[in-house]
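Notes for the structure review
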Amino acid sequence: MPPMNDSVIFDRRAVRQHRDRAARQVGSVTAILDEAAERLLDRLDDTTYRFAAALDIGGRGVVAPRLRGRGIDSVISCDLSPDMARLNGTPCLCADEEWLPFGPGAFDLVVANLSLHWVNDLPGALAQIRHALKPDGLFLASLPVRPSLSGLRHALTEAECALLGGASPRVSPFPDLRDCASLLQRAGFALPVADADTITLDYRTPMGLLRDLRAAGETNALTLRSRRFAPVSLFPAALADLASSDGDTHLTVPLRLAIMTGWAPDAGQPKPLRPGQFTTPLEDVLKNMK
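Structural notes, computed from the coordinates. Along each chain, residue indices are assigned from 1 in the same order as the chain's sequence is written. In view of the model being predicted, local features appear only for residues whose pLDDT reaches at least 70, and side-chain atom pairs are presented and counted only at 80 or more, with totals across whole chains, interfaces and linings using the full set of residues. Only heavy atoms go into the side-chain values, all of them from the structure, while hydrogens and water stay out.

Attention shifts here to the packing of helix 6 (residues 150-164) against helix 9 (residues 234-242). Fitting a line to C-alpha atoms yields each axis, with helices limited to the stretch in contact; the angle taken between N-to-C directions then spans 0 to 180 degrees. Put simply, DSSP marks the helices as runs of H or I at least four residues long and the strands as runs of E at least two long, and each gets a number from the N terminus on. Orientation of helix 6 relative to helix 9, taken along the N-to-C sense of each, is 130°, at an axis distance of 8 Å. With respect to their mutual orientation, helix 6 and helix 9 come out oblique. You can see that helix 6 and helix 9 cross each other, and the crossing is right-handed. The segment helix 6 lies against helix 9, with Gly151, Leu152, His154, Ala155, Leu156, Ala159, Glu160 and Leu163 engaging Leu234, Phe235, Ala237, Ala238, Asp241 and Leu242. When residues are grouped by polarity, Ala, Val, Leu, Ile, Met, Phe, Trp, Tyr, Cys and Pro land in nonpolar, Asp, Glu, Lys and Arg in charged, and all others, Gly among them, in polar. For the contact of helix 6 with helix 9, the residue count by class is 10 nonpolar, two polar and two charged. To sort the angles, those under 35 degrees are grouped as roughly parallel, those over 145 as roughly antiparallel, those from 65 to 115 as roughly perpendicular, and the leftovers as oblique. For any helix crossing, the convention is left-handed if the near helix is rotated counterclockwise from the far helix by under a right angle, and right-handed if that rotation is clockwise. Contact criterion: two residues are considered in contact whenever any of their non-hydrogen atoms come within 4.5 Å of each other.

Here's what the structure looks like:
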């Protein structure tokens, strides 16, 4: 295994295999993907820009039809998994988010709905996306952030420690919301914004959560994951810990998202004022708020 400070956090081959397998059952989580896509694409209503060429990264058959429904004639979809890519309709291609095969200024809109959190070099992937955008092109992305799946992470760790005396990582790490706008800025986007949104998922039993993660291709692909089979009793023990103490098996899981917006730089874009350029003193503003 690589050392803990190795930059390769995710096994991309495993990510692809999980998405290949999930392509046959992703329809069972379409409602979740639809909800996330709807909240993300609502940001398009905030602009009068008429988009002509869009790229859908990892949309799992949900994003591309919505973009075409908004009147965007040219929509290309890509996915790390060829089986998943085919769900988007044509034109589509199998492409690695870490090595996007598009030239500069190929699109004026790029959308990545719940698809970039398995990327090892996220700043590098964002820089490639910006490179593929025309000047003043728009990038929209949704990304799980903390504390999503923190309950599952804790339950699995506690159960494995109790059974084996130690634990291996089983739930992907997520960034903090405050890091997301900084990532956009670091990648060279103008006017970067990261807003928080939460989708609340309700399950009759904790096992429903695991089924949905598998159906979405979201199972463990950490490089440092254990390659041994988990003990038979591990997941029942962890799921019992997730259930409420009064015996009710109902489980509520908040999926916290960063809704990220950034524009490819363009000379005509508004620029933030430098310190000292403001015409109204902060003291006067505060007085008016009383």
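Right, let's talk about the pattern of salt bridges for a bit. Take a side-chain nitrogen of Lys or Arg and a carboxyl oxygen of Asp or Glu: if they are within 4 Å of each other, that pair is a salt bridge. Taken as a whole and assessed by the stated rule, the structure comprises 17 salt bridges. Among the salt bridges present, the one from glutamate 98 reaches arginine 12, with a minimum N-O distance of 3.9 Å. Of the two residues, glutamate 98 sits in the loop between strand 3 (92-94) and strand 4 (107-113) while arginine 12 sits in helix 1 (residues 12-22), which places them 86 residues apart along the sequence. Residue glutamate 98 is classed as buried on the basis of its relative accessible area of 16%. In this structure, glutamate 38 and arginine 66 form a salt bridge, with 2.3 Å as the shortest nitrogen-oxygen distance. Relative accessibility under 20% of the residue-type maximum defines a buried residue, over 50% an exposed one, and the middle range a partly exposed one, all with a 1.4 Å probe and only protein chains included.

It is worth spelling out the sheet that holds strand 7 (residues 251-263) at this point. Through backbone hydrogen bonds, the strands of a sheet pair up, either in parallel or in antiparallel fashion. Strands are treated as partners if at least two bridges between them are detected by DSSP. Taken together, seven strands build an open sheet; the order of strands is 3-2-1-4-5-7-6 and the sheet is mixed. The open sheet terminates on both sides in strands that have one partner only, identified here as strand 3 and strand 6 (190-203). Neighbour-to-neighbour, the strand axes of the sheet open up by a mean angle of 15°, direction not taken into account. Of the strand pairs in this sheet, strand 5 (residues 133-144) and strand 7 are connected by seven bridges, and their pairing is antiparallel. For leucine 138, the partnering residue across the bridge sits in strand 7 and is tryptophan 263. Here helix 5 (residues 122-132) sits on the sheet and contacts strand 1 (53-57), strand 4 and strand 5; the angle it forms with strand 5, its principal contact strand, is near 145°.

Within 6.5 Å between ring centres, the rings of Phe, Tyr and Trp (the latter by its six-membered ring) count as paired, and their orientation is classed by plane angle as stacked under 30 degrees, edge-to-face over 60, tilted in between. Overall, the coordinates contain five aromatic pairs when judged by the stated rule. Considering the side-chain rings of tyrosine 49 and phenylalanine 51, the 4.6 Å spacing of their centres and the 25° angle between planes classify their relative orientation as stacked. Where phenylalanine 139 meets phenylalanine 189, the ring centres are 5.3 Å apart and the plane angle is 20°; that geometry is what we call stacked. Here the residue phenylalanine 139 occupies a position in strand 5, and phenylalanine 189 occupies one in the loop between helix 7 (177-186) and strand 6, the gap between them amounting to 50 residues. This pair shows no difference in class: phenylalanine 139 is buried, exactly as phenylalanine 189 is. Pairwise contacts between aromatic rings join Tyr49, Phe51 and Trp263 into one cluster.

Our focus in this paragraph is the packing of helix 5 against helix 7. For the pair helix 5 and helix 7, interaxial distance at closest approach is 8 Å and the crossing angle is 55°. The orientation of helix 5 relative to helix 7 falls into the category oblique. The handedness of the crossing between helix 5 and helix 7 comes out as right-handed. Here helix 5 contributes Leu122, Pro123 and Leu126 to the contact with helix 7, which in turn contributes Leu183, Leu184 and Arg186. Taken together, the residues of the contact of helix 5 with helix 7 break down into five nonpolar, no polar and one charged.

Right, let's get into the pairing of strand 7. Counting buried positions along strand 7 gives 10 out of 13 residues, so the element sits mostly inside the fold. In the sheet, strand 6 pairs with strand 7 via 12 bridges, with the strands oriented antiparallel. In the sheet register, leucine 201 faces strand 7, and the bridge partner there is valine 253.

This next bit is on the nonpolar core. Here, nonpolar core refers to any group of buried Ala, Val, Leu, Ile, Met, Phe, Trp, Tyr and Cys residues whose side-chain atoms link them within 4.5 Å. Core analysis: the biggest nonpolar cluster contains 50 residues, and Leu44, Leu67, Leu109, Val111, Leu140, Leu152 and Leu209 have the highest contact counts within it. Sequence-distant contacts of leucine 44, that is, excluding residues within four places in its chain, are made with Phe51, Leu67, Arg70, Leu109, Leu138 and Leu140. Ile129, Leu133, Phe139 and Val145 belong to the second-largest nonpolar core, a separate cluster that totals 31 residues.

What follows deals with the environment of proline 192. With respect to the helices and strands, the residue proline 192 is situated in strand 6. According to the relative accessible area criterion, proline 192 is partly exposed, its value standing at 27%. In this structure the C-alpha to C-alpha distance between proline 192 and glycine 262, which are 70 residues apart in sequence, comes to 4.5 Å. Discounting residues that sit within four places of it in the chain, proline 192 has contacts with Ala181, Leu184, Gln185 and Thr261.

A few words now on the environment of valine 63. Mapped onto the fold, valine 63 is located in helix 3 (residues 63-69). What makes valine 63 buried here is its relative accessible area of 0%. Considered as a pair, valine 63 and alanine 36 are 27 residues apart in the sequence and their alpha carbons are 9.8 Å apart. If we ignore the near neighbours within four places in the chain, the residues touching valine 63 are Ala37, Asp56, Val111 and Asn113.

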